[in-house]
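Examining the three-dimensional arrangement
As a plain string of letters, each chain reads:
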Amino acid sequence: MTGWASWTTVNVIAGTGGVRTDELGVLTGDLTVHTTWYGTEADVAVQYSGGSEWYTMTGSPVPCHSEEESRSLHQTVVEAVQEGHGAVVTRLKQTRPG
């Protein structure tokens, strides 16, 4: 099944070492994280909170096959940004039965 959804989390304080972007390198400080899911993959972008320019988070897009999976991805990315260390988007570990 295909679909579309998006999530935005504002005022995410990047941990030491910040978050990596394709366009600018590392961003630090007060950031906004935005995830858009298009049925088979998710795009993650970040911006300085209150800014107007969005930057592709390194590693984006990633395969993502459900709205629930994309929501989990967004939360995982927010937590990674908070941890810092040059955070990048990584694919969620898939749990397969048996």
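Quick look at the structure, then.

Conventions used here
Residues numbered from 1 in each chain as written. Predicted model: local features only at pLDDT ≥ 70, side-chain atom pairs only at ≥ 80, totals over all residues. Heavy atoms only, no water. Helix = DSSP H or I, 4+ residues; strand = E, 2+ residues; numbered from the N terminus. Buried < 20%, exposed > 50% of the residue type's maximum accessible area, 1.4 Å probe, protein only. Contact = heavy atoms within 4.5 Å. Core = buried A, V, L, I, M, F, W, Y, C linked by side-chain atoms within 4.5 Å. Expected span 1.5 Å × (residues − 1). Pairing = 2+ DSSP bridges.

Observations concerning the overall build of the protein chain
Looking only at helices and strands, the protein chain features one helix and seven strands. Counting from the amino terminus, the protein chain carries its helices and strands in the arrangement β-β-β-β-β-β-β-α. Among the 98 residues that make up the protein chain, the fraction classed as buried is 40%. Looking at the protein chain alone, contacts between residues at least 24 apart form 54% of all its contacts between residues at least 6 apart.

A word on unusual backbone geometry
Here the residue pair Ser60 and Pro61 is connected by a cis peptide bond, since its omega of 0 degrees sits within 30 degrees of zero. Within the element layout of this structure, Pro61 appears in the loop between β6 (55–56) and β7 (62–63). Backbone geometry at Asn11 places phi at a positive 55 degrees, although glycine is not the residue there. Counting through the fold element by element, Asn11 comes out in strand β1 (residues 5–13).

Here's the deal with the nonpolar core
The biggest cluster of nonpolar side chains holds 22 residues, and the ones touching the most others in it are Val19, Val33, Met57, Val77 and Val81. If near-sequence neighbours (up to four positions away) are discounted, Val33 is found in contact with Trp7, Thr8, Thr9, Val12, Val44, Ala45, Val46, His74, Val77, Val78 and Val81.

Quick notes on the environment of Val77
On the secondary structure map, Val77 appears in helix α1 (residues 67–83). The class of Val77 is buried, set by a relative accessible area of 3%. Note: C-alpha distance between Val77 and Val89 (twelve residues apart in sequence) is 6.4 Å. Aside from chain neighbours lying at most four places away, what touches Val77 is Val33, Val44, Met57 and Val89.

Some details on the side chain of Thr35
By secondary structure assignment, the location of Thr35 is in strand β4 (residues 30–37). We classify Thr35 as buried; its relative accessible area is 0%. Excluding its chain neighbours within four sequence positions, the residues that come into contact with Thr35 are Ala5, Ser6, Trp7, Ala42, Asp43, Val44, Ser70 and His74.

Overview of α1
Helix length check: α1, at 17 residues, gives a terminal C-alpha distance of 25 Å against a target of 24 Å (1.5 Å per residue), a fit within 8%. Taken as a whole, α1 has its buried residues at Glu69, Ser70, Leu73, His74, Val77, Val78 and Val81. Contacts made by the buried residues of α1 are with β1, β2 (19–21), β4, β5 (41–48) and β7.

Notes on the pairing of β5
Relative to β5, β4 runs antiparallel, the two sharing seven bridges. Note that in β5 the partner of Val33 across the bridge is Val46. Connecting β4 to the antiparallel partner β5 that follows it, the hairpin turn spans three residues, and Gly39 within it adopts a positive phi of roughly 85 degrees. The sheet contact formed by β5 and β7 spans two bridges and is antiparallel. Bridge assignment links Glu41 to a residue of β7, and that residue is Pro63. Here two bridges tie β5 to β6, and the two strands are oriented antiparallel to one another. Bridge pairing in β6 links Val46 to Tyr55. Counted along the chain from β5 to the antiparallel partner β6, the turn is six residues long, and its residue Gly50 has a positive phi close to 90 degrees.

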